[in-house]
Amino acid sequence: MPEEQKNILRARCEDIGMFLRFLFWLTAALLAVRAVYGIWLAFQPADWLIWHFSLSVDWTGQADWQGAVRLASMLSFWWHTLIWLPILGILWYCRRIFWGIDQEGTPFLPENTRAVRSIGVLVMLMSILRGDALRGLYRSCGLAVTQQETLVRDGVQLVAGSGDGSLVNMTYILLGAVIICLSYVFAYGAHLQQESDETL
């Protein structure tokens, strides 16, 4: 690639990389604030949690209802927080890709291949977090009796994209598989780039 084209590519990637760095640190800061907020929520009374999460609880006469409400609320809150961790990882790898392009002037680098593959794995991980696994987690924690079905349903609906009936979200599985396949294209491009550099 001519040096002039490399400079144009570097300039564009520098701008995109700067924007991705901003998004990464903004997301990290919001997750930190959310974590502190979640710890604070854990110490709030069950009545307040019902109001805060708009839970349709009509069986508060039972002896264990307060613990069940707190458990359902915290599972929903922290599950939704977990969803953002793969997104944070994807932003991290994207910024590394564009940083590498800015430094070397080409996208076909071995480290970019690994970064694209890691993005694919993280997207596939999101298929579990965006699937119906949360309902199974509720069940395993004992929230399966008839009187608690409404609480389970409300808790699952707090997490956007969950509760669709399947354990994993197949859309994310397929998207992750496509990205992993794309990483092999990057690997082949990196091999060709290395051969070209050795020839020159």
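All values derive from a computational prediction rather than experimental measurement.

Draft legend 1. The arrangement of the overall build of the protein chain in detail. Looking only at helices and strands, the protein chain has seven helices and zero strands in total. The helix and strand sequence of the protein chain, counted from the amino end, reads α-α-α-α-α-α-α. A total of 200 residues make up the protein chain; the buried ones form 39% of that total. When contacts within the protein chain are restricted to residue pairs at least 6 apart in sequence, those whose partners lie at least 24 apart make up 77%. Summed over its atoms, the accessible surface of the protein chain is roughly 11,400 Å², and 65% of this surface lies on carbon and sulfur atoms.

Draft legend 2. Representation of the nonpolar core. Counting 18 residues, the largest nonpolar core has I90, C94, I97, V116, I119, V123 and I179 as its most contacted members. For this core, the elements supplying multiple residues, two or more each, are α1 (3–41), α3 (65–104), α4 (110–129) and α7 (170–199). Those residues within four positions of I90 in sequence are excluded, and the remaining contacts are I119, L122, V123 and M126.

Draft legend 3. Representation of the environment of S73 in the model. Its location among the elements puts S73 in helix α3. Overall, S73 belongs to the buried group, its relative accessible area being 1%. When the C-alpha positions of S73 and F53 are compared, they lie 7.3 Å apart, and in sequence the two are 20 residues distant.

Draft legend 4. Summary view of helix α2 (residues 46–53). Every buried residue of α2 is accounted for by A46, L49, I50 and F53. Burial along α2 is one-sided: seen end-on, the buried residues are contained in an arc of 105°. Opposite the buried face of α2, at more than 90 degrees from it, the exposed residues are D47 and W51.

Draft legend 5. The confidence of the model for the protein chain, seen in detail. Averaged over all residues, the pLDDT of the protein chain is 77; the fraction at 70 or higher stands at 70%. When the elements of the protein chain are averaged for pLDDT, helix α6 (residues 149–157) gives the smallest value, 52, and α4 the largest, 90. Contacts of residues 158–163 to residues separated by more than four positions or lying in other chains number 24 contacts, the stretch itself having pLDDT below 50.

Conventions adopted
Residues numbered from 1 in each chain as written. Predicted model: local features only at pLDDT ≥ 70, side-chain atom pairs only at ≥ 80, totals over all residues. Heavy atoms only, no water. Helix = DSSP H or I, 4+ residues; strand = E, 2+ residues; numbered from the N terminus. Buried < 20%, exposed > 50% of the residue type's maximum accessible area, 1.4 Å probe, protein only. Contact = heavy atoms within 4.5 Å. Areas by Shrake-Rupley, 256 points an atom, 1.4 Å probe, with all protein chains shown as cover. Core = buried A, V, L, I, M, F, W, Y, C linked by side-chain atoms within 4.5 Å. Arc of directions from axis to C-beta. pLDDT = per-residue confidence, 0-100.

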